[in-house]
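# Fold and contact review
Listed here are the chains, written in short residue letters.
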Amino acid sequence: MESKNKYLEVVQVFFKLGLIAFGGPAAHIAMMEQEIVEKRKWMSRQHFLDLVGATNLIPGPNSTEMTMHCGHERAGWRGLFLAGASFILPAVVLTGLLAWLYVTYGEVPAVEPFLYGIKPAVIAIIIGAILKLGKKALKTWQLGVIGAAVIAASLFGLNEVLAILGAGVLGLLWFGIIQNPNNGNLKSFAPFLLFSLGNLSAEGISTTKLFLVFLKIGAVLFGSGYVLVAYLDGELVEKLGWLTRQELLDAIAIGQFTPGPVLSTATFIGYQVNGVWGAMAATAGIFLPSFFFVLLLNPIVPKLRNSKLAAGFLDAVNIAAVGIMVAVTFNLCQNILVDWKTALIAVLSTIVTFKFKKVSALWIVIGGALLGFALTFL
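Before going into details, it helps to say that this report is about the structure given with it. (Residues numbered from 1 in each chain as written. Predicted model: local features only at pLDDT ≥ 70, side-chain atom pairs only at ≥ 80, totals over all residues. Heavy atoms only, no water.)

Of the regular secondary structure elements, the protein chain holds 15 helices and zero strands. Taken across its 378 residues, the protein chain has 53% of its residues classed as buried. Summed over its atoms, the accessible surface of the protein chain is roughly 16700 Å², and 67% of this surface lies on carbon and sulfur atoms. (Helix = DSSP H or I, 4+ residues; strand = E, 2+ residues; numbered from the N terminus. Buried < 20%, exposed > 50% of the residue type's maximum accessible area, 1.4 Å probe, protein only. Areas by Shrake-Rupley, 256 points an atom, 1.4 Å probe, with all protein chains shown as cover.)

Written out as structure tokens, the structure reads:
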């Protein structure tokens, strides 16, 4: 009975997060930290941070993979699959509905007034998570230097995976080898499993081909969903010619303003290309590799923490992941806080986040949406 309650709890928690998770991976992870670490205490903040850092080094949507890690922590491998599916489902259903409206009527409902308020509200949630995770990650002055370097490199445009991997190598060298030369050898550092599928050729469009194309994209998509457009443009527009570039941009826009992972864009594209079955095939293809990668990665992370050599790598990766969140937040502020109204929503949301710490991210998102709707008419 208790295990069934755990499964139900996992489904409820991540379905709720899937409904309100606007703002991209940094916002999603911030909401998870509040819900999983602070409120429900499924794991320590240190272990959550370890998972965030490690997840940045594998392909797939980072925040979606974090839901799987959290589900595994609460309810084992079944929890992993339940958490991932529950988080993805709201975005997929909503995106599928919008795809039907787009294909049938050539337009989608106007949701911009609500997003106008949601986006600045989400910034406050991200800042709260950065401060809590950063406090845990900043263990030494050397890690502070590494974190600052990652922030600077990210703001100057360095790929986030390269930034995090470079930080990890620095941490491995300094903490694992230079400071502790007798603490083991490189064999104690478990490698991450990465793979890439070969190019797929297609003459015409079928459900199977759709599935395979999106399976390949899901297997090699490093970083966050923000780089998805480059992969999709190369495969679907330039190589296969299944979409025009304008149709692709419309699909990306839909993925951006629906909650949950931006990779739900695949659902929209699949429907455009081959109807309901195309939507199902594309969705399954792009998310399936993430379940596989997390299933392999999850047992490795505690072993990395227990190895003094690998722990240096992991500590540096953790501070780098927080640094990436700082850089992302800086860029979000530039793009979102465009007038006094958005600035006001961000300030009010920040006050609520830090002054009333027990207030759920759900209410901050809803409050931001309502404020945004009201202020757009001023």
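Having seen the structure, we can now continue with the description.
Scanning all chains against the criterion turns up four aromatic pairs. For the ring pair Phe14 and Trp42, a centre distance of 6.2 Å and an interplane angle of 55 degrees mean the geometry is tilted. Of this pair, Phe14 sits in helix α1 (residues 2-20) while Trp42 sits in the loop between α2 (25-39) and α3 (45-55); the two residues are 28 residues apart in sequence, bridging distant segments of the chain. Among the residues examined, Phe14 registers a relative accessible area of 0% and is labelled buried. What makes Trp42 buried here is its relative accessible area of 10%. With 6.2 Å between their ring centres and 85 degrees between their planes, Trp77 and Phe81 make a pair best called edge-to-face. (Phe/Tyr/Trp six-rings, centres within 6.5 Å; stacked < 30°, edge-to-face > 60°.)

Outside of glycine, negative phi angles account for most residues, and trans bonds account for most peptide bonds. For Lys41, which is not glycine, the phi dihedral falls at a positive 55 degrees. With respect to the element layout, Lys41 can be found in the loop between α2 and α3.

Turning our eyes to something else, we now look at the nonpolar core. Judged by nonpolar contacts, the single largest core of 110 residues is most densely connected at Phe14, Met31, Phe48, Phe214, Leu236 and Ile269. Excluding anything up to four places from it in sequence, Met31 contacts Leu17, Ile20, Ala21, Phe22, Val122, Ile125, Ala361 and Val365. (Core = buried A, V, L, I, M, F, W, Y, C linked by side-chain atoms within 4.5 Å. Contact = heavy atoms within 4.5 Å.)

Their axes nearest at 10 Å, the elements helix α4 (residues 62-105) and helix α11 (residues 265-297) cross at an angle of 165 degrees. Here α11 runs roughly antiparallel to α4, going by the angle between their axes. Where α4 crosses over α11, the two elements pack in a sense that is right-handed. (Axes fitted to C-alpha atoms, helices over the stretch in contact; angles between N-to-C directions. Parallel < 35°, antiparallel > 145°, perpendicular 65-115°, else oblique. Left-handed = near helix turned anticlockwise from the far one by under 90°.)

Attention shifts here to the pattern of salt bridges. One pass over the structure, following the stated rule, counts ten salt bridges. For Arg40, the salt bridge is made with Glu35, and the minimal N-O distance between the two is 2.8 Å. The exposure class of Arg40 is partly exposed, given its relative accessible area of 29%. We classify Glu35 as buried; its relative accessible area is 3%. Each of Glu9, Lys16, Glu35, Lys39, Arg40 and Arg74 takes part in salt bridges that share partners, so that together they form one network. (Salt bridge = Lys/Arg side-chain N within 4 Å of Asp/Glu carboxyl O.)

Now for the environment of Phe293. Mapping Phe293 onto the fold places it in helix α11. What makes Phe293 buried here is its relative accessible area of 2%. For Phe293 and Thr55, which are 238 residues apart along the polypeptide, the C-alpha to C-alpha distance reads 9.2 Å.

A cluster of nonpolar side chains, Trp340, Leu344, Val347, Leu348, Ile351, Leu371 and Leu378, forms an exposed patch at the surface whose accessible area comes to about 670 Å². With five residues, the top contributor of residues to the nonpolar patch is helix α14 (residues 340-355). Within the fold, Leu344 resides in helix α14. Residue Leu344 is classed as partly exposed on the basis of its relative accessible area of 34%. (Patch = residues over 30% accessible without salt bridge, like charges linked within 9 Å, V, L, I, M, F, W, Y side chains within 5 Å.)

Among the structural elements, His69 can be located in helix α4. His69 sits in the buried class, given a relative accessible area of 0%. At a separation of 2.9 Å, a polar atom in the side chain of His69 contacts the side chain of Asn298. Setting aside chain neighbours within four positions, we find His69 in contact with Leu51, Thr55, Val294, Leu297 and Asn298. (Polar contact = N/O pair within 3.5 Å; in protein donor to acceptor, adjacent residues only side chain to side chain.)

Function cannot be read off these values alone, since they describe shape.
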